[in-house]
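One-letter residues, chain by chain:
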Amino acid sequence: SQYSAVDTNPLSVYIMQPIWNKIINIVPLWIAPNLLTFSGFVMILVNYFLISFYDWDYTASGTSPGLVPTWVWLFSAFTTFCAYALDSIDGKHARRTQSSTPLGELFDHGLDSWATSIFVLSFFSVCSRDNGKTGVSVYTMYIYLSIVLFNFMCSHWEKYNTGVLFLPWGYDISQVVLIAAYLLTGAVGVEVWQKPFLFGYYITDALVVLLIGFSLFLSFPQTLYNIHRAHLKKTLKNDSLYEVLLPLVSPLLLFILLTVWVVLSPGNILAKQPRLFLWMVGVAFSNVICKVIICQMSSTRPELFHWFLFPLALVVYAAISGLLGWMEEAVLAVFTALVTAAHVHYGVCVGRQLSEHLNIYIFSLKKRIQE
């Protein structure tokens, strides 16, 4: 199906697009668009692991400000801007080199579905976890991440039903806010997040309120409205309510299982290993949403239960029933490694299948020779 996306965000249309149109002219024509997409993703990963190295348990900013060197925050601003730029020009570059393919679309959205959680997890290091005085509790982090992923899911659920990707306003705004936050942290130090900034409220409080406000009162109603409008215009891809709602079943079950683990964990797993747990949430979500994106692109029906829900349900049951006992953290670590490996393997396989099917290379504009 022909790719169509709508962007109505004034920030994007009037400020960012003109900047991207300038940047795109520097990109040599022999570079494959997927290489741009992938480079941006690699930068996000490098930045994430760098921050993790200095701040594994999200306490550096709160208890020992200055533990994360200033250059790391400036590097974060730089990589976030580069990833944002590369993600914004890859499609333009594909049209410019006449190399737009379903593989490119899947590559772009698939990596975005993973990058979304990594952006959020990197940002948590800025505000640090709750230490009694300042910071954000690990439960707030979990809810925050879930809302961001819910937003991402909504735009692709909408595309699954209407055929049009309505780019959420939150995307450009969040990227600009992230870059500004890293620059501010680099310039002033993490202390800026630990002082009340208005009426005894912290900047982090304002950001949480903004995020929740944006998703629940802007993005989500917009999604429902767009689906409703398509229904009235008789342009909906799916006739029955069952088919309209089908892609939401697995992500919702995923969220329920994870939340049960968070709330009922005897060893309080989220507080003990927030970084591992939240990373696992992001990867699992990305895999579930990639299936929806593929179904939407190939006009196939998603399965009711994603395979991943079964091992997760087993692990959650073993954890909350006390079967795992002191091994809960070790099991989470192994499980997280397996889920990450499975997700990478899945991405590589789908990429290779599509590149063979479409007779193209993933990272080069040269055509494959027909065998």
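Structure: see above.
Because the structure is a prediction, the values reported are computed rather than measured. (Residues numbered from 1 in each chain as written. Predicted model: local features only at pLDDT ≥ 70, side-chain atom pairs only at ≥ 80, totals over all residues. Heavy atoms only, no water.)

**Structural notes on helix α6 (residues 138-162)**
- Here α6 is 25 residues long and its end C-alpha atoms lie 36 Å apart, about the 36 Å a rise of 1.5 Å per residue gives.
- The element α6 is largely enclosed, with a buried count of 21 among its 25 residues. (Helix = DSSP H or I, 4+ residues; strand = E, 2+ residues; numbered from the N terminus. Expected span 1.5 Å × (residues − 1). Buried < 20%, exposed > 50% of the residue type's maximum accessible area, 1.4 Å probe, protein only.)

**Points about the packing of helix α9 (residues 241-264) against helix α11 (residues 274-298)**
- The N-to-C vectors of α9 and α11 enclose an angle of 170 degrees; their axes lie 9 Å apart at closest approach. Taken together, the axes of α9 and α11 lie roughly antiparallel to each other. Seen from above, α9 lies across α11 with right-handed handedness. Residue-level inspection shows P247, S250, P251, L254, L258, W261 and V262 of α9 in contact with α11, the latter providing F277, M280, V281, A284, F285, V288 and V292.
- When grouped by side-chain class, the residues that make up the contact of α9 with α11 number 13 nonpolar, one polar and no charged. (Axes fitted to C-alpha atoms, helices over the stretch in contact; angles between N-to-C directions. Parallel < 35°, antiparallel > 145°, perpendicular 65-115°, else oblique. Left-handed = near helix turned anticlockwise from the far one by under 90°. Contact = heavy atoms within 4.5 Å. Nonpolar A, V, L, I, M, F, W, Y, C, P; charged D, E, K, R; others polar.)

**A short note on the state of the cysteines**
- For the coordinates displayed, the defined rule picks out zero disulfides.
- Looking at the unpaired C295, the closest cysteine sulfur is the one in C290, lying at 11 Å.
- Taking relative accessible area as the criterion, C295 reaches 10% and is therefore assigned buried. (Disulfide = S-S within 2.5 Å.)

**Things to note about a nonpolar patch on the surface**
- Together, V13, Y14, I15, I19 and F81 give the surface a local cluster of nonpolar side chains, amounting to about 470 Å² of exposed area.
- Of all the elements, helix α1 (residues 10-24) adds the most residues to the nonpolar patch, at four residues.
- Take I19: it is sitting in helix α1.
- Overall, the relative accessible area of 33% leaves I19 in the partly exposed class. (Patch = residues over 30% accessible without salt bridge, like charges linked within 9 Å, V, L, I, M, F, W, Y side chains within 5 Å. Areas by Shrake-Rupley, 256 points an atom, 1.4 Å probe, with all protein chains shown as cover. Salt bridge = Lys/Arg side-chain N within 4 Å of Asp/Glu carboxyl O.)

**What about the pattern of salt bridges?**
- Scanning the model with the defined rule gives three salt bridges in all.
- One salt bridge in this structure joins K159 and E105, with 2.9 Å as the shortest N-O distance. With K159 in helix α6 and E105 in helix α5 (residues 102-127), this residue pair connects regions lying 54 residues apart in the sequence.
- Overall, the relative accessible area of 11% leaves E105 in the buried class.

**A word on the environment of S298**
- Its place among the elements puts S298 in helix α11.
- The partly exposed category is assigned to S298, whose relative accessible area is 39%.
- As for S298 and P102, which are separated by 196 residues in sequence, their C-alpha atoms are 9.3 Å apart.

Don't take any of this as a statement about function, it's just geometry.
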